[in-house]
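Survey of secondary and tertiary structure
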Amino acid sequence: MILLKINAYKNYSLNKMEGSDFSFVKDFLDTQKNRLEKTEFFYPYQNDELLSVLEQGIFWGLFDKDRLIATFAIDTDEGYAERLADIINSCCGKEIVKKAYESSGLMVDEEYRGQGIAKYLMSLAVEEAKARQINICGVVHTLNAASMRTFFSLGFQLRGVWKLQEGYDFVYLLKCFGEVCEEYYLIEKLVLQKDGKCDIIKKEEEYSPLDRSIIHKGLLADGYVGITCDNTRICFIRNNKEKNYE
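In this report, the structure presented in the accompanying data block is examined.

Conventions and cut-offs
- Every residue gets a number counted from 1 within its own chain, in the order that chain's sequence is written.
- Local features in a predicted model are, by the rule used here, given only for residues with pLDDT of at least 70; side-chain atom pairs are given and counted only at 80 or more, and totals for whole chains, interfaces and linings are based on all residues.
- Derived side-chain values reflect all non-hydrogen atoms in the structure, with water molecules and hydrogen atoms excluded from consideration.
- Only runs of H or I of at least four residues qualify as helices and only runs of E of at least two qualify as strands under DSSP, and these elements are numbered from the N terminus.
- Exposure categories follow from relative accessible area, calculated using a 1.4 Å probe and restricted to protein chains: below 20% of the type maximum is buried, above 50% is exposed, and the middle band is partly exposed.
- Note on contacts: a residue pair qualifies if any of its non-hydrogen atoms lie within 4.5 Å across the two residues.
- Each accessible area value is a Shrake-Rupley result obtained with a 1.4 Å probe; residue values ignore everything except the protein chains displayed when judging cover.
- Whenever Lys or Arg places a side-chain nitrogen within 4 Å of a carboxyl oxygen from Asp or Glu, that contact is recorded as a salt bridge.
- What makes a nonpolar core is a set of buried Ala, Val, Leu, Ile, Met, Phe, Trp, Tyr and Cys residues whose side-chain atoms join them at distances within 4.5 Å.
- Two strands are counted as paired when DSSP detects at least two bridges linking them.

Counting its regular elements, the protein contains seven helices and 11 strands. Within the protein, the fraction of its 246 residues that count as buried is 49%. A separation threshold of at least 6 residues defines the contact pool for the protein, and within that pool the share at least 24 residues apart is 65%. Put simply, the protein shows about 12,200 Å² of open surface, and 47% of that area lies on carbon and sulfur atoms.

For the coordinates displayed, the defined rule picks out eight salt bridges. Where Glu-78 meets Lys-99, a salt bridge forms, and the shortest distance between an N and an O atom there is 2.5 Å. Residue Glu-78 is found in helix α3 (residues 78-92), and its partner Lys-99 is found in the loop between α3 and β5 (101-108); the two are separated by 21 residues along the sequence. For Lys-99, a relative accessible area of 29% translates into the label partly exposed. Residue Lys-163 is joined to Asp-169 by a salt bridge in which the shortest nitrogen-to-oxygen separation is 3.4 Å. The buried category is assigned to Asp-169, whose relative accessible area is 1%. Among the charged side chains, a network of salt bridges with common partners joins Arg-67, Asp-109 and Glu-111.

What follows deals with the nonpolar core. Counting 43 residues, the largest nonpolar core has Trp-60, Ile-117, Leu-121, Leu-158 and Leu-173 as its most contacted members. By residue number, the principal contributor to this core is helix α4 (residues 117-132), which donates eight residues. Residues within four places of Leu-158 in sequence aside, it is in contact with Phe-152, Val-171, Tyr-172, Leu-173, Leu-220, Val-225, Gly-226, Ile-234 and Phe-236. If you look at the next biggest cluster of nonpolar residues, it comprises 16 residues, including Phe-28, Tyr-45, Leu-50 and Val-53.

Looking only at helix α5 (residues 145-153), the buried set comprises Ala-145, Ser-147, Met-148, Thr-150, Phe-151 and Phe-152. In the segment just after α5, Gly-155 is the residue with positive phi, at about 90 degrees.

Further remarks concern unusual backbone geometry. Positive phi is not limited to glycine here, since Asn-7 has a value of about 55 degrees. You can see Asn-7 is positioned in strand β1 (residues 2-9).

What follows is about the environment of Val-140. By the element assignment, Val-140 lies in strand β6 (residues 136-141). Here Val-140 falls in the buried class, since its relative accessible area comes to 4%. Sequence-wise, Val-140 and Tyr-43 are 97 residues apart; in three dimensions their C-alpha atoms are separated by 9.0 Å. In this structure Val-140 touches Ser-147, Met-148, Phe-151, Asp-169, Phe-170, Val-171 and Leu-173, once residues within four positions along its chain are discounted.

On to the pairing of strand β10 (residues 224-229). Judged by how many residues are buried, β10 sits mostly within the fold: five of six residues are covered. Relative to strand β11 (residues 234-238), β10 runs antiparallel, the two being bridged by five bridges. Its bridge partner being in β11, Gly-226 is matched across the sheet by Phe-236.

Moving on: the environment of Ala-129. Take Ala-129: it is sitting in helix α4. Through-space distance from the C-alpha of Ala-129 to that of Lys-175 is 9.0 Å; in sequence the pair is 46 residues apart. Apart from the residues lying within four places of it in its own chain, the contact partners of Ala-129 are Ile-134, Ile-136 and Phe-177.

Right, dumping it as structure tokens:
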């Protein structure tokens, strides 16, 4: 690992994790995943995926002295970035981005939650993406409202959905600094101008997880994007010049 900054956040130090840290990082992720109330909220890396991100991507580790307490990463694999873009574009029914690099591996030690660490690490990813002029995408379980809210608070937009298997429905949260089509900026400007004025789907508890993905996908295809959420619902807004948001 490479020390990046002492006292980077509170009294914790920030390190860049490397391939040689594979076993150390994997043990942390596996241990903390098993302690989650809902283990499906963290979809684990395959061994080769984790090694690839450690060796070729950007993988941060936050430490309390010698104790690893949180992780986050940007996967810089070009082929995977193109696949994520394809999913987003297919959901929206038009080309939004050519590449979207996944921000992944977010895990905070259960004893250190509630300190704003997740948002701090996500902010690092946003700063890195801006510096590199790339688009980043968070892939979040659709029931993980806390994680979604943090992404939304940093300006991410819900632009895609995907079902892996029963019980594993994901939303794709996108923030762009790289090549995009004009529509992305139009939506972003409208959201900033009309904060809180958005179309709202019915409360989540009125739908099953499967139905939720279908509804979200339908809204995306109809020109909506997700811009915020609470514990029971996701708010969508549509870039439609004929629609009055006042």
